[in-house]
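One-letter residues, chain by chain:
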Amino acid sequence: MSSSVVLVTGGSGLVGQAIKYVIETEPEGSRFGKKAGETWIFATSKEGDLKNPKATEALFEKYKPTHVIHLAALVGGLFKNMKYKLTFLRDNMLINTNILECSAHVPSGSSRPKVDKLISCLSTCVFPDKVTYPLDENKIHLGEPHESNFGYAHAKRMVDVYNHAYKEEFGCNFTSAIPTNVFGPYDNLYVYLRINALALELALTRSPQRLGGFACHPRTDTEPFPPENGTPFQVAGTGKPLRQFIYSRDLAKLFIWMLRDYDDVEPLILSVGEDEEVSIKSVADAIVKAVRFDGNYSFDTSRADGQFRKPASNAKLLKLIGDFKFTPFEEALDETVAWFLQNYETARTGKVEATKKA
């Protein structure tokens, strides 16, 4: 990858910022560090509307990427996905189509190179609702996705179809990654730690605003977070669903490894092991402990849980990557909370139900 330009779409989002962090902090020339001759570009939605073909081509013309990690998407919470199925389908199809087309073809008269490699980010919501577990890379198209993610899931699933078609017709080196539930610094720390694609709503804020039932005011390291006006803290759903959570900075390393060493068109699941599933209640307990919240909290069982579980196998990943150590969940959570407390003035804390990964 000498003299290469890596364009990361969705560069200011959770995973984009994690990749930037790893590239900037790992030793240069190391397994996950920046290589000699590499230029990394972290593009945001402010640089152009990726639903627009001309704006997307302008972005490619500006940076002239040789490699692309495509993270940009219209994303939203469980209830937003259920309400706006067409919007999530249409907008994400437009974004993905434009990125893949610009990566595959260079307009006549353009000075930019053809993209050597493209990795798109999918989601475990692409898998069928009715399927045998654990999930693996061969089960994506075996049935309909869960109804709660209809639009988003179909749009993401089509990326895999596109990748195979572009490879067959034009020889493109396109592939995709399927992370499980991601969390870490630069997430929308309302926090949405996904119950289905996005669920456990936890407010981690040092401002006196009321978010999610309590506020975390400026404090010392030993001072607990007080509830606001005695308002109880509620978590959506029953707390019973099980999920695998991957730390964003671990996921970033896996994306970097894929960019350099994975050249198969078949998608690859990026996840901790299926034996590391945790319940949403356990996640809530861990976050309450991490932020030292000493108030009461409960579960709103009137709200939907989404799929109960969808364990994914990382056997293929581990076979290919060799030695790789995932950050333990509680350690990753502590790092996330510490980052947030240090960056509370600029961290995203709004309850954003649907937002483009920028």
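Cut-offs applied
- Residues numbered from 1 in each chain as written.
- Predicted model: local features only at pLDDT ≥ 70, side-chain atom pairs only at ≥ 80, totals over all residues.
- Heavy atoms only, no water.
- Phe/Tyr/Trp six-rings, centres within 6.5 Å; stacked < 30°, edge-to-face > 60°.
- Helix = DSSP H or I, 4+ residues; strand = E, 2+ residues; numbered from the N terminus.
- Buried < 20%, exposed > 50% of the residue type's maximum accessible area, 1.4 Å probe, protein only.
- Contact = heavy atoms within 4.5 Å.
- Salt bridge = Lys/Arg side-chain N within 4 Å of Asp/Glu carboxyl O.
- Core = buried A, V, L, I, M, F, W, Y, C linked by side-chain atoms within 4.5 Å.
- Patch = residues over 30% accessible without salt bridge, like charges linked within 9 Å, V, L, I, M, F, W, Y side chains within 5 Å.
- Areas by Shrake-Rupley, 256 points an atom, 1.4 Å probe, with all protein chains shown as cover.
- Lys, Arg positive; Asp, Glu negative; His and termini not counted.
- Charge placed at Lys NZ, Arg CZ, Asp CG, Glu CD.
- Pairing = 2+ DSSP bridges.
- Axes fitted to C-alpha atoms, helices over the stretch in contact; angles between N-to-C directions.

A.B. asks: Account for the packing of aromatic side chains, with residues named and values stated.
C.D. replies: Enumeration according to the criterion identifies 12 aromatic pairs in this entry. For the ring pair Phe-32 and Phe-324, a centre distance of 6.0 Å and an interplane angle of 90° mean the geometry is edge-to-face. Of this pair, Phe-32 sits in the loop between helix H1 (14–25) and strand S2 (38–42) while Phe-324 sits in the loop between helix H8 (315–321) and helix H9 (329–342), placing them 292 residues apart in sequence. Judged by its relative accessible area of 9%, Phe-32 falls in the buried class.

A.B. asks: Before we move on, could you go through the environment of Tyr-262 and cite the residues and values that matter?
C.D. replies: Here Tyr-262 shows up in the loop between helix H6 (248–261) and strand S13 (268–270). When the C-alpha positions of Tyr-262 and Ile-119 are compared, they lie 9.7 Å apart, and in sequence the two are 143 residues distant. Discounting residues that sit within four places of it in the chain, Tyr-262 has contacts with Lys-117, Thr-175, Trp-257, Pro-267, Leu-268, Lys-316 and Leu-320.

A.B. asks: So, the pattern of salt bridges: which residues are in play, and what are the values?
C.D. replies: Using the criterion set out here, one finds 13 salt bridges in the structure. Salt-bridge contacts for Glu-277 lead to Arg-309; the nearest nitrogen and oxygen are separated by 2.8 Å. Separated by 32 residues along the polypeptide, Glu-277 in the loop between S13 and strand S14 (278–279) and Arg-309 in the loop between strand S15 (297–300) and H8 bring together distant segments of the chain.

A.B. asks: Summarise the nonpolar core; cite the residues concerned and give the values.
C.D. replies: Formed by 34 residues in total, the largest nonpolar core has its most connected members in Ile-19, Trp-40, Ile-69, Phe-255 and Leu-270. Breaking this core down by element, the ones donating at least two residues are strand S1 (4–9), H1, S2, strand S5 (117–121), H6, S13 and H8.

A.B. asks: Just give me the short version of a negative patch on the surface, but keep the residues and values in it.
C.D. replies: Together, Glu-330, Glu-331, Asp-334 and Glu-335 line one region of the surface with negative charge. Along the polypeptide, Glu-331 turns up in helix H9. The class of Glu-331 is partly exposed, set by a relative accessible area of 42%.

A.B. asks: So, the sheet that holds S5: which residues are in play, and what are the values?
C.D. replies: The 6 strands are arranged S2-S1-S3-S5-S6-S13 in an open sheet whose pairing can be described as parallel. Across the chains shown, the open sheet's two edge strands, defined by having one partner strand only, are S2 and S13. Neighbouring strand axes in the sheet, compared pairwise and without regard to direction, differ in orientation by 20° on average. For S5 and strand S6 (residues 174–179), the ladder comprises 4 bridges, and the chain directions are parallel. Within the sheet, the bridge partner assigned to Cys-121 lies in S6 and is Ala-177.

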